[in-house]
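Architecture and fold: a report
Take a look at the letters that make up each chain.
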Amino acid sequence: MSDEEAFLIAIRRVGNAQRLEQEFGKVNGAAVLFDRCLWVLVAVQLWTFISSLSSFLLSVASLAFVSLNEILPGFGLQKISHDWLQLVLALIISPLPTAIIAALVWWFLIWPRRKGSALVQKLLHQPGNLALTLFLLCLAMHTAGAWALQTWYYPLSYSNVTHHGAQWRLYLWNLPMLALWAGLTYFIARKRLRATLA
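All values reported here derive from a predicted model rather than from experimental measurement.

**As for the overall build of the chain**
- Tallying secondary structure elements over the chain gives eight helices and zero strands in all.
- What you see in the chain, going N to C, is helices and strands ordered as α-α-α-α-α-α-α-α.
- When contacts within the chain are restricted to residue pairs at least 6 apart in sequence, those whose partners lie at least 24 apart make up 74%.

Pasting the structure below:
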């Protein structure tokens, strides 16, 4: 028998993939539960990262577009209303469009080159590295986003200084949350790995 024929016959003898998945879920309920919990935790942390990235990009775009808006009259064009400009930028660079663009970049540029899947597999087998990587990514982007909002966005948007203090209080309050998510990720990833190997 050729390799292809043997493979097709083996697939037919093993049975329906959906039914096998249900049976695996019955036998290895703990592994399936930990797997789902881990992906929820990873998704929460990735959303935190995307949200902070969106804040950073909004601050940079605001600074750039407000500066460009100031030189429009020199080219014979009318200045755009500052409030309207800020609203449009906030809608375009909100977390949801940023998440969609990040997902498309991951799916079409990183994942097909096998680098993305190899990295994910490696991190899933090293719970400490997975938790630390997610924590450091979120912390770095959260810090950059908070700094950019304070430095570039709020001075352009508000004359009132109360937003500056509120932004840093929110930043400090989020630090323990990032540490908590990382700790839970480490705990669940370890449990998932043990349940999968058992």
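There's more to say after this.
**A closer look at the nonpolar core**
- Within the largest apolar cluster, 12 residues are counted, these being A31, F34, L38, L41, V42, L123, L124, L130, L134, I188, A189 and A195.
- Those elements that place two or more of their residues in this core are α3 (29–71), α6 (115–124), α7 (127–157) and α8 (162–197).
- Considering every element that reaches this core, the biggest residue donor is α3, with five residues.
- The residues touching A189, leaving out its near neighbours within four places in the chain, are L38, P127 and L130.
- Ranked by size, the runner-up nonpolar core spans nine residues in total, among them L58, A61, V66 and L89.

**Observations concerning the pattern of salt bridges**
- What the rule picks out here adds up to one salt bridge.
- For D35, the salt bridge is made with R192, and the minimal N-O distance between the two is 2.6 Å. Taken together, the residues span a long stretch of sequence, with D35 in helix α3 and R192 in helix α8 at a distance of 157 residues.
- For R192, a relative accessible area of 14% gives the class buried.

**Here we look at the side chain of H142**
- Of note, H142 is situated in helix α7.
- What makes H142 buried here is its relative accessible area of 11%.
- Non-local contacts of H142, meaning those with residues more than four positions away in its chain, are made with S52, Y171, N174 and L178.

**Points about the environment of L68**
- Among the secondary structure elements, L68 is positioned in helix α3.
- Taking relative accessible area as the criterion, L68 reaches 47% and is therefore assigned partly exposed.
- For the pair L68 and K79, spaced 11 residues apart in sequence, the C-alpha to C-alpha distance is 9.4 Å.

**Some words on the side chain of S52**
- Mapped onto the elements, S52 comes out in helix α3.
- In terms of polar contacts, S52 uses its side chain to reach the side chain of H142, at 3.4 Å.
- Among residues more than four places away in sequence, those in contact with S52 are M141, H142 and G145.

**Side note on helix α4 (residues 82–92)**
- Buried within α4 we find L85, Q86 and L89. An end-on view of α4 places all buried positions within 95 degrees of arc, on one side of the element. Away from the buried face of α4 by more than 90 degrees, exposed residues D83, W84 and L91 are located.

**Observations regarding the environment of C138**
- Counting through the fold element by element, C138 comes out in helix α7.
- Here the alpha-carbon distance between C138 and L175, two residues 37 residues apart in the chain, equals 9.6 Å.
- In this structure C138 touches Q45, T48, F49 and L178, once residues within four positions along its chain are discounted.

Thresholds, definitions, all that
- Residues numbered from 1 in each chain as written.
- Predicted model: local features only at pLDDT ≥ 70, side-chain atom pairs only at ≥ 80, totals over all residues.
- Heavy atoms only, no water.
- Helix = DSSP H or I, 4+ residues; strand = E, 2+ residues; numbered from the N terminus.
- Contact = heavy atoms within 4.5 Å.
- Core = buried A, V, L, I, M, F, W, Y, C linked by side-chain atoms within 4.5 Å.
- Buried < 20%, exposed > 50% of the residue type's maximum accessible area, 1.4 Å probe, protein only.
- Salt bridge = Lys/Arg side-chain N within 4 Å of Asp/Glu carboxyl O.
- Polar contact = N/O pair within 3.5 Å; in protein donor to acceptor, adjacent residues only side chain to side chain.
- Arc of directions from axis to C-beta.

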